[in-house]
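What follows is the residue order along each chain.
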Amino acid sequence: MRGQPLMPCSPAKARHLLKANKAKVKHRTPFTIQLSIATGETKQDVTLGVDAGSKHIGLSATTEKAEVYASEVELRQDVSGLQADRAAFRRARRHRKTRYRAPRFDNRKASKRQGWLAPSVKNRTQAHESRIDAVCKILPVTKIVIETASFDIQKIKNPNIQGKGYQQGDQLGFWNVREYVLWRDGHVCQHCRGRSKDQVFNVHHLESRKTGGDAPNNLITLCETCHKAFHAGKIKLKVNRGKPFKAEAFMGIMRRTLLDRVRQAHPHLLVENTFGYLTKHKRIALGLPKTHCADAFYIAGNLKAQRSGVYFYQKQTRKHNRQIHKCSILKGGIRKRNQAPHLVHGFRLFDKVRCLDQEGFIFGRRASGYFDVRTLSGKTLSPAIHAKKLTLLEKRKTFFNRIEKGERRFLPCLKTEVFAPNLL
């Protein structure tokens, strides 16, 4: 029978419980023990503050007196690129294998379903839900407060916009984006400023179409001479693309979806919504720096609680590499497999190990048994160390964990009660 989460205890008490076989280790990070006896301890109300974002999530669980959990999560930013790569591989494969097949559009209705989200938005929304669920499993959370935001992108671009201006965008009166970009740049090459005397103009993507899209702030006018010279590597452009609004668009899409899904997943909890200007006011009033964990602490609302001084830094990574074969074909028409075996001498990619008396993660592996071990920040602990010198600490997960230390030198031990004494 699964136990109910209880409040954190001190490391000393956790050691006594483990030595007396009254508890077992449930998680290493965060260090959580599971009791094998019923204690009937009282619980305090715990409020979980969530600072939602497109790149980072801030989490802080607090009582009236102390902060018992804090973490900062770095989300994946490669989903859109991987989707574009998959589409390119699929297009090439179908062109090679089934050139005779006519295009079909009847089955392309996924985006018409109610509640459909783009893959990148869906991944980040699910990451928010996953981290909230993880905290609720180890702490008796009674209330969840989520900060969401809605951005007026038109107002950000033009602070003076009002009324009909919202319906009359920059491209009003133009046939397409290319015509607008040429008019915006005055039909003048933005690199040579007309010195090449070339009258043929091209619209150039500052970032690749895969990552930057066809937005006007990612396009500039180049004469054909400069355009060819740039792609030949003879010149470098000094123009930077305009500010993208991917993060603002993401927050506008996911804000309602996240609130609804959290409420459905935790119907017994009170789930509230707050806004950024309220968090900013609290932060300025307390005179504290702006960090994701600190914002989550303000969002939780227990401003008189003592900060823990430490937090978990978590980084999300992909689980699988779904490209089965490498793009380059070897001599003799041999297509080499792109996927290595899951286990190499008992270790997997991104396993948490002890290497040279430090904690690190496996970033590279060889069949000979030598591994590339690095920290979560990318610092190399050993470029090639044998498996015999490594100790497995944790199997790989979707989220890597690292403890960032502050004022306090230990993290509270989380404790979970179990009512079945034989679960040891």
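The present account deals with the structure reproduced in this document.

Rules of the game
Residues numbered from 1 in each chain as written. Predicted model: local features only at pLDDT ≥ 70, side-chain atom pairs only at ≥ 80, totals over all residues. Heavy atoms only, no water. Core = buried A, V, L, I, M, F, W, Y, C linked by side-chain atoms within 4.5 Å. Buried < 20%, exposed > 50% of the residue type's maximum accessible area, 1.4 Å probe, protein only. Contact = heavy atoms within 4.5 Å. Patch = residues over 30% accessible without salt bridge, like charges linked within 9 Å, V, L, I, M, F, W, Y side chains within 5 Å. Areas by Shrake-Rupley, 256 points an atom, 1.4 Å probe, with all protein chains shown as cover. Salt bridge = Lys/Arg side-chain N within 4 Å of Asp/Glu carboxyl O. Helix = DSSP H or I, 4+ residues; strand = E, 2+ residues; numbered from the N terminus. Axes fitted to C-alpha atoms, helices over the stretch in contact; angles between N-to-C directions. Parallel < 35°, antiparallel > 145°, perpendicular 65-115°, else oblique. Polar contact = N/O pair within 3.5 Å; in protein donor to acceptor, adjacent residues only side chain to side chain.

Moving on, we get to the nonpolar core. Side chains that are nonpolar tend, in soluble globular proteins, to be buried together. With 33 residues, the main nonpolar core has Leu48, Val141, Ile144 and Ile146 as its most contacted residues. Beyond its immediate stretch of four places on either side in the chain, Leu48 contacts Leu59, Ser60, Ala61, Ile132, Val135, Val141, Lys143, Ile144 and Val145. If you look at the next biggest cluster of nonpolar residues, it comprises 13 residues, including Val181, Leu182, Cys192 and Val203.

Moving on: a nonpolar patch on the surface. Among the surface-exposed residues, Phe275, Tyr277 and Leu278 lie close enough to one another that they form a single nonpolar patch of about 300 Å² accessible area. Note on placement: Tyr277 falls in helix α9 (residues 276-286). We classify Tyr277 as exposed; its relative accessible area is 59%.

Quick look at the environment of Lys315 now. Note that Lys315 resides in strand β10 (residues 311-316). Judged by relative accessible area, Lys315 falls into the partly exposed class, the value being 30%. Each C-alpha atom, one on Lys315 and one on Leu75, is 6.4 Å from the other, the two residues being 240 residues apart in sequence.

Orientation of α9 relative to helix α10 (residues 292-300), taken along the N-to-C sense of each, is 105°, at an axis distance of 9 Å. With respect to α10, the axis of α9 lies roughly perpendicular. Listed contacts from α10 to Thr279, Lys282, Arg283 and Leu286 of α9 are Asp295, Tyr298 and Ile299.

Along the chain, Thr279 falls in helix α9. For Thr279, a relative accessible area of 3% gives the class buried. At 2.7 Å, the side chain of Thr279 forms a polar contact with the side chain of Glu147. Ignoring any residue separated from it by four or fewer positions in sequence, one finds Thr279 in contact with Glu147, Asp295, Tyr298 and Ile299.

Inspection of every chain in the model, using the stated rule, returns 18 salt bridges. In this structure, Asp372 engages Arg374 in a salt bridge whose closest nitrogen and oxygen atoms are separated by 2.8 Å. Judged by relative accessible area, which is 29%, Arg374 ranks as partly exposed. Sharing partners across several salt bridges, the network here consists of Arg28, Lys352, Arg354, Glu359, Glu394 and Lys397.

With that settled, consider unusual backbone geometry. Trans is the common state for peptide bonds, and a negative phi is the common state for residues other than glycine. Of the consecutive residues Thr29 and Pro30, the connecting peptide bond is found in the cis state with omega at -5°. With respect to the helices, strands and loops of the structure, Pro30 is situated in the loop between β1 (23-27) and β2 (32-35). Even without a glycine there, the phi angle at Lys197 is positive, about 65°. On the secondary structure map, Lys197 appears in the loop between α5 (177-184) and β7 (201-205). Notably, Asp357 is not glycine yet its phi reads approximately 60°, a positive angle.

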